[in-house]
Amino acid sequence: MAPQLTIYQRRILIGMVFCVAAFLAVGVKLVVVMGFAPNAAPARRAPPIIFSRADLLDRNGEIIARDLPAGDLYVRPALLKDKSRAAQGLATALNGEVEHLTALLKNKAPSVLIARQVSQADQAKVVALKLPGLEYLRNSKRFYADGRTSAQVIGVTDLDGKGVSGLERGVEAKLRDGSGPVTTSLDKRVQFILAAEAASSMAEFRARAAGGLVLDVNTGEVLAMVSLPGFDPNVRQFAATDSGRNIMVQDVYELGSVFKIFAFTLAVEDHKIQLGESLPIGNGYKIGRFTIHEAEHMPAFLAARDVLAQSSNIGTAQIALRSGGERQRAFLGNLGLLSPLRSELPERARPLYPDHWGVIETATIGFGHGISVSPLSFAAAAASVVNGGRRIAPTFLKHPDDARGEQVVSAATSATMRSLLRYVVTNGTGKKADVPGYDVGGKTGSAEKPGRHGYEAHKLVTSFCAVFPIENPRYLVFVVLDEPHGTKATGGFALAGYTAAPLVAHVVARIAPLLRVQINPITANKKENT
């Protein structure tokens, strides 16, 4: 007779039975799934990298900025036998400095960060070194499809993927709210053309800097903005000639004669002038102890419309004085020229103007001296003058609907100013800005730069503000050249009519067809000005 099992032995036996049964059940299930299930689900892949920053797109859906897979490279120094050879190889693969990498590899820490945001292409170079002790922490790197073309306006992110400049910073919240790509107002085609033409003119006239923008005068959308010199946002190191500064929003300039647009607008609005009336010009205009002179020789008398067309300082000063300082200041303030312009770009500049706005200040501000504004502020104010007289606010986000606000000048004044600006191009200093068929209107600006001992005659800021088509304007192009030099082709002249006006013409001729601006058949056959 077999001995009776104790209670503990019975419990052990029952446990063994359950374990054997469980293992058998699992084994049978695996055999069925792996060998006999016809629709067995495939093995799950590793979860994809989820980027925290959305794409930036141009108005046509083209990629401007996107996060791409990258990795933060770490190394365990203790596993590297030949640290000098490893440092040399890593420096070659990552375009780094041998001395810096050697110091890192000699660190006594168990793990050392070698490089952040290493692209997949560079990771492949590192793998080819076959070094032990390397590992990656998953990350991403911002890639800018157009490189230098739109560097300042788009901006960059830091190594932690946070926007630090340009639209990357300005629309940070939209890029991180999870709602998808952010569509800007920019048109990559227009941006490329503006950048190429600005670079060409900057080189031709040996200017210190150049910039430009294209603005829709009805919607306020900025289709392009360029600032040169630029930089490569895909490279974290600046060359000696690079600049991250966006002169179109961060710098303020005394723009000179292009500012005469506002003196004439105010005088027309307040019925202070008749366009056909004659104004005395002479050789100088005295205001107290000051004498206003012309940049170029002028006749003894000019009709009011020719004061603008020929860009007479003396004539414009007289017109500005008819409006008076108090009215002038209020008018410029209402146009937004006396306060920083706010947009999606975080960069902005405070305008400079006199505390005491007396008679001489009124006269000089009338022709663009004694007041400094950013190019974008000027462009927004000029757009409000020509678009029917309604306030417009620039935007860098796609917004194709008419966004014109309240009237800042009457529609009649706006129409008069458009005809005057066309007259400047057909009969005045802006002839080289004309583009047959597109009816460009505009104004030149040539301002001497202020120095330590007054204005420096041979250091100019030249600009041109163009609007087209002038009868029913849609686009404004504004360009700036900082200290251009005359060439043999210009007879040594560096004034805006020889430098900035041709730049605008080149831009308009290339972008107008892309923007489907209809050609005027009457002016299309007009011979181009050379």
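Here, the structure is the one placed above.
Residues numbered from 1 in each chain as written. Predicted model: local features only at pLDDT ≥ 70, side-chain atom pairs only at ≥ 80, totals over all residues. Heavy atoms only, no water.

## What to know about the overall build of the protein
Moving on, step 1. Of the regular secondary structure elements, the protein holds 18 helices and 14 strands.
Moving on, step 2. Across the 530 residues of the protein, 50% fall into the buried class.
Moving on, step 3. A sequence separation of at least 24 residues applies to 69% of the contacts in the protein between residues at least 6 apart.
Moving on, step 4. Summed over all atoms, the accessible surface of the protein reaches about 26,200 Å², with 56% contributed by carbon and sulfur. (Helix = DSSP H or I, 4+ residues; strand = E, 2+ residues; numbered from the N terminus. Buried < 20%, exposed > 50% of the residue type's maximum accessible area, 1.4 Å probe, protein only. Contact = heavy atoms within 4.5 Å. Areas by Shrake-Rupley, 256 points an atom, 1.4 Å probe, with all protein chains shown as cover.)

## Some thoughts on helix α14 (residues 359-366)
Moving on, step 1. Most of α14 is tucked away: seven of the eight residues are buried.
Moving on, step 2. Taken as a whole, α14 has its buried residues at I360, E361, T362, A363, T364, I365 and G366.
Moving on, step 3. The elements touched by buried residues of α14 are α10 (260-269), β9 (285-287), β10 (290-292), α12 (313-323) and α13 (325-334).
Moving on, step 4. Remark: G368 follows α14 within two positions and exhibits a positive phi of approximately 90°.

## Concerning the nonpolar core
Moving on, step 1. Counting 86 residues, the largest nonpolar core has M225, F262, L332, F378, L476 and F478 as the members making the most contacts within it.
Moving on, step 2. With residues up to four places along the chain from it excluded, the contact list for F262 reads F331, L332, L335, L337, F378, A381, A382 and V385. (Core = buried A, V, L, I, M, F, W, Y, C linked by side-chain atoms within 4.5 Å.)

## Some words on the packing of aromatic side chains
Moving on, step 1. One pass over the structure, following the stated rule, counts eight aromatic pairs.
Moving on, step 2. With a centroid separation of 5.4 Å and 65° between ring planes, the pair formed by F262 and F378 is classed as edge-to-face. Here the residue F262 occupies a position in helix α10, and F378 occupies one in helix α15 (residues 375-386), the gap between them amounting to 116 residues. For the pair F262 and F378, a shared accessibility class is recorded, and that class is buried.
Moving on, step 3. Their ring planes at 50° and their centres at 6.1 Å tell us that Y353 and W357 sit as a pair that is tilted.
Moving on, step 4. These aromatic residues form a ring-pair network of at least three members: F259, F262, F378 and F478. (Phe/Tyr/Trp six-rings, centres within 6.5 Å; stacked < 30°, edge-to-face > 60°.)

## Side note on α10
Moving on, step 1. When you tally the buried positions in α10, you get nine out of ten residues, the bulk of the element.
Moving on, step 2. All of the buried residues in α10 are K260, I261, F262, A263, F264, T265, L266, A267 and V268.
Moving on, step 3. Within two residues after α10, H271 carries a phi angle of roughly 60°, on the positive side.

## Describing the sheet that holds strand β13 (residues 454-468)
Moving on, step 1. The strand order across the open sheet formed by five strands is β7-β6-β14-β13-β12, and the pairing between neighbours is antiparallel. What marks the edges here is a single partner per strand, and that holds for β7 (222-228) and β12 (441-451). On average, adjacent strands in this sheet sit at an angle of 15° to one another, irrespective of strand direction.
Moving on, step 2. Against the sheet, helix α8 (residues 188-204) touches β6 (209-216), β7 and β14 (475-482), its axis set at about 30° to β7.
Moving on, step 3. Sheet contacts for helix α16 (residues 411-427): β12 and β13; angle to β12, the most-contacted strand, approximately 80°. (Pairing = 2+ DSSP bridges. Axes fitted to C-alpha atoms, helices over the stretch in contact; angles between N-to-C directions.)

## Thoughts on the pattern of salt bridges
Moving on, step 1. Summed over the entire model, instances satisfying the criterion amount to 27 salt bridges.
Moving on, step 2. The residue K125 makes a salt bridge to D122 at a minimum N-O spacing of 3.6 Å. With K125 and D122 both in helix α4 (residues 120-127), this residue pair falls three residues apart, about one helical turn.
Moving on, step 3. When its relative accessible area of 46% is taken as the criterion, K125 is described as partly exposed.
Moving on, step 4. Taking the shortest distance from any N to any O, the salt bridge between E277 and R322 comes out at 3.0 Å. Placement of the pair is E277 in the loop between α10 and β8 (278-280) and R322 in helix α12, with a sequence separation of 45 residues.
Moving on, step 5. One connected set of salt bridges, linked through shared partners, spans R53, D67, R142, E168, E172 and R176. (Salt bridge = Lys/Arg side-chain N within 4 Å of Asp/Glu carboxyl O.)

## A look at the side chain of S311
Moving on, step 1. Locating S311 in the fold gives a position in the loop between α11 (304-309) and α12.
Moving on, step 2. Engagement of the side chain of S311 in a polar contact is seen with the side chain of K443, the distance being 2.9 Å.
Moving on, step 3. Those residues within four positions of S311 in sequence are excluded, and the remaining contacts are S257, K260, E294, M298, D306, T429, K443 and T444. (Polar contact = N/O pair within 3.5 Å; in protein donor to acceptor, adjacent residues only side chain to side chain.)

## What about the environment of D439?
Moving on, step 1. Mapped onto the fold, D439 is located in the loop between α16 and β12.
Moving on, step 2. Linking D439 and N472, residues 33 residues apart in sequence, is a C-alpha distance of 9.9 Å.
Moving on, step 3. Apart from residues lying up to four places away in sequence, D439 is in contact with R422, V467, F468, P469, I470, N520 and T523.
Moving on, step 4. Within the structure, D439 has its side chain in polar contact with the side chain of N520 (distance 2.8 Å).
Moving on, step 5. There is a polar contact of 2.7 Å between the side chain of D439 and the side chain of T523.

## Some details on the side chain of Q191
Moving on, step 1. Relative to the helices and strands, Q191 is located in helix α8.
Moving on, step 2. Engagement of the side chain of Q191 in a polar contact is seen with the backbone oxygen of M225, the distance being 2.7 Å.
Moving on, step 3. Not counting chain neighbours up to four residues away, the residues in contact with Q191 comprise T149, S150, V153, L186, L223, A224, M225 and V226.

## Topic: unusual backbone geometry
Moving on, step 1. Along the chain, L228 connects to P229 via a cis peptide bond; the corresponding omega equals 5°.
Moving on, step 2. If you trace the backbone, P229 turns up in the loop between β7 and α9 (247-250).
Moving on, step 3. Here the bond from F468 into P469 is cis, since omega is -20°, no more than 30 degrees from zero.
Moving on, step 4. One non-glycine residue, S311, lies in positive phi territory at about 60°.
Moving on, step 5. The residue E483 is not glycine, and still its phi comes out positive at about 60°.

## Quick word on a positive patch on the surface
Moving on, step 1. Taken together, K162, R169, R342, R348 and R350 make up a surface patch of like positive charges.
Moving on, step 2. Position of R350 relative to the elements: it lies in the loop between α13 and α14. (Patch = residues over 30% accessible without salt bridge, like charges linked within 9 Å, V, L, I, M, F, W, Y side chains within 5 Å. Lys, Arg positive; Asp, Glu negative; His and termini not counted. Charge placed at Lys NZ, Arg CZ, Asp CG, Glu CD.)

## Regarding the environment of N95
Moving on, step 1. Tracing the chain through its elements places N95 in the loop between α2 (83-94) and α3 (98-105).
Moving on, step 2. On the accessibility criterion, N95 (68% relative accessible area) is exposed.
Moving on, step 3. Each C-alpha atom of the pair N95 and D122 lies 9.3 Å from the other, and the pair is 27 residues apart in sequence.

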